[in-house]
Amino acid sequence: MATGTEHQQNSGGVRARTRAAIAVPHLRTDRWWLAPAVTAAGLFAFIVYSTWRAFANAHYYAAPYVSPFYSPCLAQNCETMHAGPNADLFGSWWGISPAIIILIFPLGFRLTCYYYRKAYYRSFWASPPACAVAEPHAKYTGETRFPLILQNLHRYFFYAALLVACVLTYDTVLSFRDQHYRWGHMGLGTVVFLVNITLIWAYTISCHSCRHIVGGKLKHFSKHPVRYRAWQFVGRLNARHMQLAWASLLSVALADFYVYLVASGVFDDPRFF
């Protein structure tokens with residue numbers, strides 16, 4: 001029968017022969033599990049909500065507001081939106097929710113985001129669950145094999161996320177209309193949309209890929225003062241990338257839920273002027 005030390009040396013991962021022979025899983029005495037547990041709960045709640053709303057295919061437009069989950073609406077079965085983000089690129093053959101088409105891009109951007117990788121690697125895959133806590137996997141290949149090698153698509157999803165943010169900005173401008181499409185009006189939904197698009201842009205441009213695009217491949221910052229200032233600005237935002245990731249995730253869900261409440265007739269959009 002193998003002893004504990006022999007079993008440790010014959011195992012992989014942190015139990016490999018080249019690692020320190022420590023029998024206990026970890027030496028931490030704090031509640032190290034709390035942070036990954038809260039992260040998993042938050043991400044799981046958003047996944048459940050967004051999945052329900054994406055497949056619902058209803059209550060996503062209440063003039064002048066359109067849910068960010070359904071914008072731009074690229075299928076023929078979209079609701080008619082006066083001067084809204086309609087573009088019938090997918091014909092009558094597309095029978096399911098039009099939200100499925102567009103959500104691929106912001107979802108891909110967030111899934112490959114450096115912060116979200118850390119979040120769901122620790123909370124769902126326990127790779128590792130926390131600092132100084134051994135992961136349960138016998139072998140670690142990093143992001144060199146499928147499916148994690150797809151994380152390298154992050155920079156391309158960033159460009160798609162920029163386009164989506166531009167469309168949501170257009171939706172926010174359209175929210176300065178009333179239900180009859182007359183300009184010069186502002187409701188509670190307008191405030192919700194303004195907060196959401198501000199957080200969406202802040203999260204998007206605080207991305208590490210954006211920081212590299214703005215200031216990368218420069219040998220002398222002194223010769224490029226505009227790009228240097230832009231790089232500094234993005235860098236300051238990048239330091240708050242985690243907070244912006246969560247804030248924008250919450251704001252986009254709240255914006256969608258607000259449209260759902262108005263479109264389903266739960267209450268009328270309060271108007272300020």
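What counts, and where the lines are drawn
- Residues numbered from 1 in each chain as written.
- Predicted model: local features only at pLDDT ≥ 70, side-chain atom pairs only at ≥ 80, totals over all residues.
- Heavy atoms only, no water.
- Axes fitted to C-alpha atoms, helices over the stretch in contact; angles between N-to-C directions.
- Helix = DSSP H or I, 4+ residues; strand = E, 2+ residues; numbered from the N terminus.
- Parallel < 35°, antiparallel > 145°, perpendicular 65-115°, else oblique.
- Contact = heavy atoms within 4.5 Å.
- Nonpolar A, V, L, I, M, F, W, Y, C, P; charged D, E, K, R; others polar.
- UniProt positions renumbered as here; feature names shortened; annotations may be inferred.
- Phe/Tyr/Trp six-rings, centres within 6.5 Å; stacked < 30°, edge-to-face > 60°.
- Buried < 20%, exposed > 50% of the residue type's maximum accessible area, 1.4 Å probe, protein only.
- Lys NZ or Arg CZ within 6 Å of the ring centre and 35° of its normal.

The protein chain is annotated in an unreviewed UniProt entry as Succinate dehydrogenase from Streptomyces griseochromogenes.

(A) The arrangement of the packing of helix α2 (residues 34-56) against helix α4 (residues 114-123) in detail. As a packed pair, α2 and α4 sit with axes 8 Å apart at the nearest point and diverge in direction by 110°. Between α2 and α4, the crossing angle belongs to the class labelled roughly perpendicular. On α4, the residues touching P36, T39, A40 and L43 of α2 are Y116, A119, Y120, R122 and S123. In terms of residue class, the contact of α2 with α4 is built from six nonpolar, two polar and one charged.

(B) Spotlight on the UniProt feature "transmembrane region" (unreviewed entry) in the protein chain. Per the UniProt record, "transmembrane region" (unreviewed entry) is annotated on residues 32-52, 93-116, 156-177, 183-203 and 244-267. As a span, residues 32-52 carries 90% helix and 0% strand, and end to end its C-alpha atoms are 32 Å apart.

(C) Up close: the packing of aromatic side chains. Overall, the coordinates contain 24 aromatic pairs when judged by the stated rule. The interplanar angle of 65° and the centroid separation of 5.4 Å between the aromatic rings of F90 and W94 together place this pair among those described as edge-to-face. According to the relative accessible area criterion, W94 is buried, its value standing at 16%. Here a set of aromatic residues connected by ring pairs shows up, and it is made of F46, Y49, W52, F69, F257 and Y260. A cation sits over an aromatic face here: R177 above W183, 5.8 Å from the ring centre.

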